[in-house]
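# Breakdown of the fold
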Amino acid sequence: MDEEYDCVVLGTGLTECILSGMLSVSGKKVLHMDRNKYYGGESASITPLEDLFSKFSNPKPDESYGRTRDWNVDLIPKFLMAEGQLVKLLIHTGVTRYLEFKSIEGSYVMGKSGKISKVPADEKEALTSDLMGLFEKRRFKNFLVYVQEFDEANPASWKDIDPHKTTMDEVYKKYSLDENTSDFVGHALALYRNDDYKSAPCLEAIKRIKLYSNSLAKYGKSPYLYPLYGLGELPQGFARLSAIYGGTYMLDKPVDEIVLEGGKVVGVRSGSETVKCKQVYCDPTYAADKVRKVGQVVRCICLMDHPIPNTK
């Protein structure tokens, strides 16, 4: 390990692996290290199930869980939009050669009453959906036609709405959409976590709804794609790309220090070994004294032996 590299990348999260792949493709000599014995960092897919249980200091799973190698549990589960930037990046870089994807069969939304309804994926489902009444469906359709025809570069398609000034709340009122429908649009299509977007200019929300619509049109049943063996496949795909172009990988390798001289990075130390480099890219956990915590997310992993009611 005592040699010199152009770049050292610490951590194998998706961001780090994309950087590693791009740097290797551009001809840089890259060393990629991770203190964990698996790829993915905080967004890894853990298998077998014993590894997940031990990560959270739980006793080993019993026989009721079946074969533990059949489990692949994402620590931070996410879907990919079929027309999203990440999918375009995967196609552009050729990383799709190393991955298999599955189209999600359907998505559901829970209303304020607690009722769960399927998000319509086609016209037939929209007509029979209990999410809105018949007249509301007509107004909703007019709204979707507007979104689909909207082009930021063509003011003629804005139709009396200034996307940089008109709020999303005003757009809903213009199309006479009721509160239930605007909730559905904001949270199931635009995927906002709260209602703050309603008071902001509508451009970003329209772009999000259009992305959902374009992604839905791509494969039919759902706008979402998912790697067949979990999200941990994504960083591994970019790691393979890096390796093909000469990148070196070391898993289960402790990182003790990012070595600085005169305030400038000159290397990385692991135990008694030090590797010299011109640049270091890392996730925040490798440079805890250089970052500031501004918030946190609390997640819960539920392993269920039954589907959620009203989702079949």
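Structural data are supplied above this passage.
Further remarks concern the packing of aromatic side chains. Applying the stated criterion to the full structure yields 13 aromatic pairs. Here the aromatic rings of Y65 and W71 are separated by 6.1 Å at their centres, their planes lie at 65°, and the arrangement is edge-to-face. Looking at Y65, the relative accessible area reads 29%, which means it is partly exposed. Consider the rings of Y212 and Y224, whose centres lie 6.1 Å apart with planes at 85°: the pair is edge-to-face. Of the two residues, Y212 sits in helix α8 (residues 203-219) while Y224 sits in strand β9 (residues 224-227), which places them 12 residues apart along the sequence. Residue Y212 shares its accessibility class with Y224, and that shared class is buried. Taken together, the ring pairs in this structure connect F143, Y146, F150, Y172, Y175, Y192 and Y197 into an aromatic cluster. The aromatic ring of Y192 is capped on one face by R208, whose charged end is 4.1 Å from the ring centroid.

By the element assignment, E233 lies in helix α9 (residues 233-244). Salt bridges are absent for the buried E233, whose nearest opposite-charge side chain, R240, sits at 4.7 Å. Setting aside residues up to four positions removed in sequence, E233 forms contacts with Y98, L99 and P227.

Criteria and thresholds
Residues numbered from 1 in each chain as written. Predicted model: local features only at pLDDT ≥ 70, side-chain atom pairs only at ≥ 80, totals over all residues. Heavy atoms only, no water. Phe/Tyr/Trp six-rings, centres within 6.5 Å; stacked < 30°, edge-to-face > 60°. Buried < 20%, exposed > 50% of the residue type's maximum accessible area, 1.4 Å probe, protein only. Helix = DSSP H or I, 4+ residues; strand = E, 2+ residues; numbered from the N terminus. Lys NZ or Arg CZ within 6 Å of the ring centre and 35° of its normal. Lys, Arg positive; Asp, Glu negative; His and termini not counted. Salt bridge = Lys/Arg side-chain N within 4 Å of Asp/Glu carboxyl O. Contact = heavy atoms within 4.5 Å.

Don't take any of this as a statement about function, it's just geometry.
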